[in-house]
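So the chains spell out like this:
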Amino acid sequence: MSSERLIYARNDLAQVTIDDHGVKISEQSLWAVDHEVPSSNSLFCCGGQPIPIKTFHDHIPFRNIIYVDPGANDDEVTLTYVYPTSKDSIKLATLEVQVQNYNNNKLSEYILDKAYTNHIIRPSVLVLVNPHGGQGKAVSIYENEIYPILKAARAKVTLEETKYQTHATDIAKELDISKYDIIACCSGDGIPHEVINGFFAREDKGAEAFNKIAVTQLPCGSGNALSLSTHGSNNAGMATFQMLKAKRTKLDLMAVTQGSGPAKKTKLSFLTQCYGIIADSDIGTEHLRWMGPVRFQIGIAQKVFSGAKYPCELYVNFLTKDKREIINHVETHMQLSSSQRDEELPVVTADNLAVTGPDLDQPVPDNWAHISAEITDNLNILYVGKMPYISDSAQFFPAALPNDGSMDMVMTDSKASFMETTSIMLSVEEGTHVHNDKVKHAKVLGYRLIPKVNDRTKHYISVDGEEFPFEALQVEVLPGVLTGLLQDGSYVETCFTR
Ligand SMILES: Nc1ncnc2c1ncn2[C@@H]1O[C@H](COP(=O)(O)OP(=O)(O)OP(=O)(O)O)[C@@H](O)[C@H]1O
């Protein structure tokens, strides 16, 4: 520090220096940081870059800074930043500082650039709040946990509440896309599903919208798989912070086609398709909605215990058949995406959104495998997904990758005993169920499912957690069409990617 600087140091401002990692508060100024300091010295990770708590009391990492206002003099700024209060929660704070080793009329912009290496400063965000999401808590979660962080980061926020089912689809279909950088769905997984399908219903199949606007979720619903897989959190404040700091990254979508001829309809899916016990337990227990996620587990236990079977015909276009290939696939793809991390995102055109598979009344291509009746006559779970976490206690697709051009297919049949099935379900939390001999797991490029369930009880096919017609469907991957927001371009770590 120069002697001149010492003379002019203001004692009403915290004295700091800027280093490569953030803002270091000088010892004499620590009084100015009046918030509590977490005692844990563990890493604050949650899918983003680790924020070392250990040194946090005298150092504000650039990543934690969400806004910087210029002060009265060139070497003074007000920092707005977040600090962790637990592994999965944050608080906002501000600190007026005088910077001892940097004196320039662009000081606030300099720090802001360092704070937002990955993403747009002051993004323009369309916030869609589903007032019925999360058992009616979405509005208060938005007001109390999400908006304060967006406001502190000076995001340009446009707020819209969804007024009816599929309203989000209509909004996305008619949207002036030039106005927004992000659509943040303050909801469960239902609203992002609707937004993506609203884009797809546009004249260019949504190409321009998919290129311009990142679609993300801030967790306000009962199922928040998108937030858990991308922001690493079910906590709305934390997810908002992670969203602001995330990197625009291309994600694969899945095109789900049902019907043929004039009745042919294609919808996009970003998360999962499901047939069997899990679909019936998720959608079929709507009457237990007030119970929240617990209803799902009760439904599964009931079905497993009763030995429920969901026969079908299944044709699959496999990328990997042997489970051992999946580990190599994940490693190779992660290396590839890390080498492409700084490249510009590819531009999507309507061709990338075109469905190329045969119609459902036509035979599947010769290279698609017909799964043997020994499996499909006894099938009890068919679950296909593109994101690793389906709830905070279920890494159902631990090998799922954002843009490897494939989906993860997981299948079990009712020949496994009740105890075996229970043990499989219990290992879903750690993601290790896919290693179980009784679980079939493959990377697939496309499949056709024809349900053959004859009993009279109502059954379900769910796509991204939403009910779809209980009839044949065909799915293919649309590689890298959606722009999402991921920490450093990757999904949250799983047992495969850790
Ligand atoms: N104003 C509204 N009235 C009725 N339904 C609505 C309204 N706004 C949105 N919806 C519907 O609510 C459904 C669930 O949305 P979302 O996923 O956000 O909530 P959730 O709490 O996670 O519910 P779920 O348990 O279904 O996941 C969607 O199908 C959506 O179309």
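Per an unreviewed UniProt entry, the protein chain goes by the name Sphingosine kinase and belongs to Spathaspora passalidarum.

Our focus in this paragraph is the overall build of the protein chain. Helix and strand counts for the protein chain come out as 14 helices and 23 strands. Looking at the protein chain as a whole, 55% of its 498 residues are labelled buried. Long-range contacts, defined as pairs at least 24 residues apart, comprise 76% of the intrachain contacts of the protein chain with a sequence gap of at least 6. On the protein chain, roughly 21,800 Å² of surface is accessible, and the fraction owed to carbon and sulfur atoms is 50%.

Another aspect to go through is the side chain of Q487. Looking at the secondary structure, you find Q487 in the segment after β23 (473–486). For Q487, the side chain forms a polar contact with the side chain of R63, separated by 2.6 Å.

Here we take up helix α12 (residues 323–339). End to end, α12 covers 25 Å across 17 residues, agreeing with the expected 24 Å (1.5 Å per residue, within 8%). Those residues of α12 that are buried are in contact with β20 (440–451).

Attention now moves to the pattern of salt bridges. With the rule as written, the count across this model stands at 14 salt bridges. In this structure, D181 engages K212 in a salt bridge whose closest nitrogen and oxygen atoms are separated by 3.9 Å. Of this pair, D181 sits in the loop between α5 (167–174) and β11 (182–187) while K212 sits in helix α7 (residues 207–212), and the two are 31 residues apart along the sequence. A relative accessible area of 17% means that D181 is categorised as buried. With a shortest N-O distance of 2.8 Å, D252 and K386 are connected by a salt bridge. With D252 in strand β13 (residues 247–258) and K386 in the loop between β18 (379–385) and β19 (407–413), this pair connects stretches of sequence that are 134 residues apart. The residues D252 and K386 share a single accessibility class, namely buried.

In terms of burial, strand β12 (residues 214–219) is a largely internal element, 6 of the 6 residues being buried. Residue alternation in β12 divides its side chains into two sets, A214, T216 and L218 and V215, Q217 and P219, and both sets are buried. Strand direction decides the pairing type here: β11 and β12, joined by 6 bridges, are parallel. Of the residues in β12, the one forming a bridge with C185 is Q217.

With numbering aligned to this structure, UniProt lists the feature "domain: DAGKc" (unreviewed entry) at residues 120–260. Secondary structure within residues 120–260 divides into 43% helix and 26% strand; the distance between the first and last C-alpha atoms comes to 43 Å.

Attention now goes to the sheet that holds strand β5 (residues 59–61). Taken together, the 6 strands give an open sheet; going across it, the order is β5-β2-β1-β8-β7-β6, and neighbouring strands pair in mixed fashion. Edge strands, defined here as strands with exactly one partner in the open sheet, are β5 and β6 (65–70). Each strand axis lies, on average, 35° off the axis of its neighbour in the sheet, ignoring direction. Sheet analysis places strand β2 (residues 22–25) next to β5, joined by 3 bridges and oriented antiparallel. The partner of V23 across the bridge, within β5, is I60. Against the sheet, helix α4 (residues 138–152) makes contact with β6, β7 (76–86) and β8 (89–99), and its axis sits at roughly 20° relative to β8, the strand it touches most. This element, helix α9 (residues 236–245), spans β6, β7 and β8 of the sheet and lies at about 50° to β8.

For the rest of this paragraph, the subject is the pairing of β7. Within β7, 8 of the 11 residues are buried, which leaves it mostly tucked inside the rest of the structure. One ladder, built from 5 bridges, connects β6 with β7; its direction is antiparallel. Note that in β7 the partner of V68 across the bridge is L79. Once β7 ends, the chain turns through 2 residues before running back antiparallel as β8.

Next up on the list: the site of the ligand. Around the ligand sit 20 residues, and of these G134, T162, G188, E194 and S222 come closest. Within the backbone of K163, one N or O atom sits 3.2 Å away from a nitrogen atom of the ligand. One of the backbone N or O atoms of G188 is found 2.8 Å from an oxygen atom in the ligand. Burial of the ligand by the protein amounts to 84% of the accessible area it has alone, namely 630 Å². Contributing elements (two or more residues each) for the shell around the ligand: α3 (133–136) and α6 (190–200). Counting residues per element, the shell around the ligand draws most heavily on α6, at 3 residues. Here the residues of the shell around the ligand sort into 2 nonpolar, 13 polar and 5 charged.

Conventions adopted
Residues numbered from 1 in each chain as written. Predicted model: local features only at pLDDT ≥ 70, side-chain atom pairs only at ≥ 80, totals over all residues. Heavy atoms only, no water. Helix = DSSP H or I, 4+ residues; strand = E, 2+ residues; numbered from the N terminus. Buried < 20%, exposed > 50% of the residue type's maximum accessible area, 1.4 Å probe, protein only. Contact = heavy atoms within 4.5 Å. Areas by Shrake-Rupley, 256 points an atom, 1.4 Å probe, with all protein chains shown as cover. Polar contact = N/O pair within 3.5 Å; in protein donor to acceptor, adjacent residues only side chain to side chain. Expected span 1.5 Å × (residues − 1). Salt bridge = Lys/Arg side-chain N within 4 Å of Asp/Glu carboxyl O. Pairing = 2+ DSSP bridges. UniProt positions renumbered as here; feature names shortened; annotations may be inferred. Axes fitted to C-alpha atoms, helices over the stretch in contact; angles between N-to-C directions. Near = heavy atom within 4 Å. Nonpolar A, V, L, I, M, F, W, Y, C, P; charged D, E, K, R; others polar.

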